[in-house]
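# Close look at the chain arrangement
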Amino acid sequence: MARIIVVTSGKGGVGKTTTSASFATGLAQRGHKTVVIDFDVGLRNLDLIMGCERRVVYDFVNVINGEANLNQTLIRDKRVDNLYVLPASQTRDKDAITREGVERVLTELKQSFDYIVCDSPAGIERGALMALYFADEALVVTNPEVSSVRDSDRILGILASKSRRAEQGDEPVKEHLVLSRYAPERASRGDMLSVDDVMEILGIPLLGVIPESQSVLQSSNSGVPVVLEEDSDAGKAYGDLVARFLGEDLPHRFLTVEKKGFLKRLFGK
Amino acid sequence: MGFFDYFRSTHHNSAAVAKERLQIIVAHERGRHRRSPDYLPALKKELLSVVRKYVPIDQDQVKVHLDREGDYEVLELNITLPDDDSERK
């Protein structure tokens, strides 16, 4: 049975799309047929992060309106098997996606995919509510910073009250914390909320900590999900996150300041 | 913590401040949005009618608020009676 996972946060710019791209790519790398859907109608960006922006022909709204079918619209990733992208529309019509339309598309996708990853837009407006409504699980992307933590808490409240699972009284949406842009040295100095602080405030299980890393910007520059940059800390952290999601019991890395040895200090890196 | 760190860490710890502020605001907002029981409006209405039997008050002079502090809940009722000036008129 296909699982629907929403990547959400409330606040913008915390790494939802980066996380969606790497999470979906990681699932596909491990052999699961995965589609990642951009719900940010009017502000399409997942295609850029996935590096398929020049291959977009049709979009999510075209499928909802019956102007194109899924086969024509889904973009197959060229690097990883089993990975597909459903791009957002660039229309300015905010009402372009309807709950019935989304449900129809998701039902069709469920028949051939193992995982459906929904990349939510920021905010708590229609698009964000649509992205989370049908979710079975949620990755709540949070930065160790006051406004992001507060917004994540709001989103948790919405998941618990406005999702289909909540409305129908089913088992609640399974929540996972993804703490991104984490800087261990600043946390240890007391200049940044620590992993434990954020976990204590939000009270949901930690799926992964993504360290602040230059490779995130570099990989978005070139349209490669950072999980494919296997030498980078952020890439490794996303790899671990996906493995943990699939049930592996891995310790969290990059939580403490790396002690540089004498040679490392001398030669750098 | 090393000997010299003791002197260095005299600058205030902003993460601790952030955590404390967040715990307060998040607890407050959860009370309002996430777990606020739906009987509060009805409770407020009935309280209002009881108090009105004895003292004429406006609707906004009764405030009902539910707070969660750790394991227990605090139901806070605040009824503002009209001051003497307005009564004499």
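## Here we look at the interface of chain B and chain A
Listed as interface residues are 14 residues of chain B and, on the opposing side, 16 residues of chain A. Overall, the association of chain B and chain A removes approximately 1400 Å² of surface from exposure, summing both partners, and the carbon and sulfur fraction of that is 54%. On inspection of chain B and its partner chain A, the count reaches four salt bridges. As a salt-bridge pair, K19 of chain B and D197 of chain A come within 3.3 Å of each other at their nearest N and O atoms.

## Description of the packing of helix α1 (residues 16-29) of chain A against helix α12 (residues 233-245) of chain A
All names here are of chain A. Two elements in contact, α1 and α12, have axes whose closest approach is 9 Å; the angle formed by their N-to-C orientations is 60 degrees. As summarised for this structure, α1 and α12 are arranged oblique, according to the angle between their axes. In the crossing of α1 with α12, the sense of the turn from one axis to the other is right-handed. Listed contacts from α12 to T18, T19, S22, F23, G26 and L27 of α1 are Y238, L241, V242 and F245. In terms of residue class, the contact of α1 with α12 is made up of six nonpolar, four polar and no charged.

## Comments concerning the side chain of S9 of chain A
Residue and element names in this part refer to chain A. Position of S9 relative to the elements: it lies in the loop between β1 (3-8) and α1. Polar contacts involving the side chain of S9 include one to the main-chain carbonyl oxygen of K11, which spans 2.6 Å. The contacts of S9, once residues within four sequence positions are left out, are V14, K16, V141, D151, S152 and I155.

## Comments concerning the state of the cysteines
All names here are of chain A. Applying the stated criterion across every chain yields a total of zero disulfides over all chains. C52 carries a free sulfur, and the closest cysteine sulfur to it, the one in C118, is 16 Å from it. The class for C118 is buried, based on a relative accessible area of 1%.

## Concerning the pairing of strand β6 (residues 137-142) of chain A
Residues and elements named next belong to chain A. Taken across its six residues, β6 has six buried, putting it largely inside the fold. Pairing between β1 and β6: four bridges, direction parallel. Bridging from a neighbouring strand, V7 pairs with L139 of β6. With six bridges connecting them, β6 and strand β7 (residues 174-182) associate as parallel partners. Considered in β7, the bridge of E137 is made with K174.

## Examining the confidence of the model for chain B
Averaged over every residue, the pLDDT of chain B is 77; residues scoring 70 or more account for 69%. Predicted complex, confidence summary: ipTM 0.84, pTM 0.80.

## Focus: helix α3 (residues 40-54) of chain B
Residue and element names in this part refer to chain B. Across its 15 residues, α3 extends 22 Å between first and last C-alpha, which sits within 8% of the 21 Å expected from 1.5 Å per residue. Burial in α3 covers these residues: L40, L47, L48 and V51. The buried residues of α3 occupy one face: seen down the axis, they fall within an arc of 105 degrees. Summarising the geometry of α3, the exposed residues directed more than 90 degrees from the buried face are K45, E46 and K53.

## A word on the environment of N69 of chain A
Residue and element names in this part refer to chain A. With respect to the helices and strands, the residue N69 is situated in the loop between α3 (60-64) and α4 (70-73). Take N69: its relative accessible area is 40%, and that puts it in the partly exposed class. Remark: the alpha-carbon pair of N69 and D59, spanning 10 residues in sequence, is separated by 9.7 Å.

## Quick look at the nonpolar core
Residues and elements named next belong to chain A. Ranked by internal contacts, the top residues of the largest apolar core, which has 54 residues, are L86 and L109. Broken down by element, the residue count for this core peaks at five residues, all from helix α7 (residues 146-162). With 34 residues, the next largest nonpolar core counts I49, M50, V141 and L241 among its residues.

Rules used in this analysis
- Residues numbered from 1 in each chain as written.
- Chains lettered and ligands numbered in written order.
- Predicted model: local features only at pLDDT ≥ 70, side-chain atom pairs only at ≥ 80, totals over all residues.
- Heavy atoms only, no water.
- Contact = heavy atoms within 4.5 Å.
- Buried area = accessible area lost by both parts, 1.4 Å probe.
- Salt bridge = Lys/Arg side-chain N within 4 Å of Asp/Glu carboxyl O.
- Axes fitted to C-alpha atoms, helices over the stretch in contact; angles between N-to-C directions.
- Helix = DSSP H or I, 4+ residues; strand = E, 2+ residues; numbered from the N terminus.
- Parallel < 35°, antiparallel > 145°, perpendicular 65-115°, else oblique.
- Left-handed = near helix turned anticlockwise from the far one by under 90°.
- Nonpolar A, V, L, I, M, F, W, Y, C, P; charged D, E, K, R; others polar.
- Polar contact = N/O pair within 3.5 Å; in protein donor to acceptor, adjacent residues only side chain to side chain.
- Disulfide = S-S within 2.5 Å.
- Buried < 20%, exposed > 50% of the residue type's maximum accessible area, 1.4 Å probe, protein only.
- Pairing = 2+ DSSP bridges.
- pLDDT = per-residue confidence, 0-100.
- Expected span 1.5 Å × (residues − 1).
- Arc of directions from axis to C-beta.
- Core = buried A, V, L, I, M, F, W, Y, C linked by side-chain atoms within 4.5 Å.

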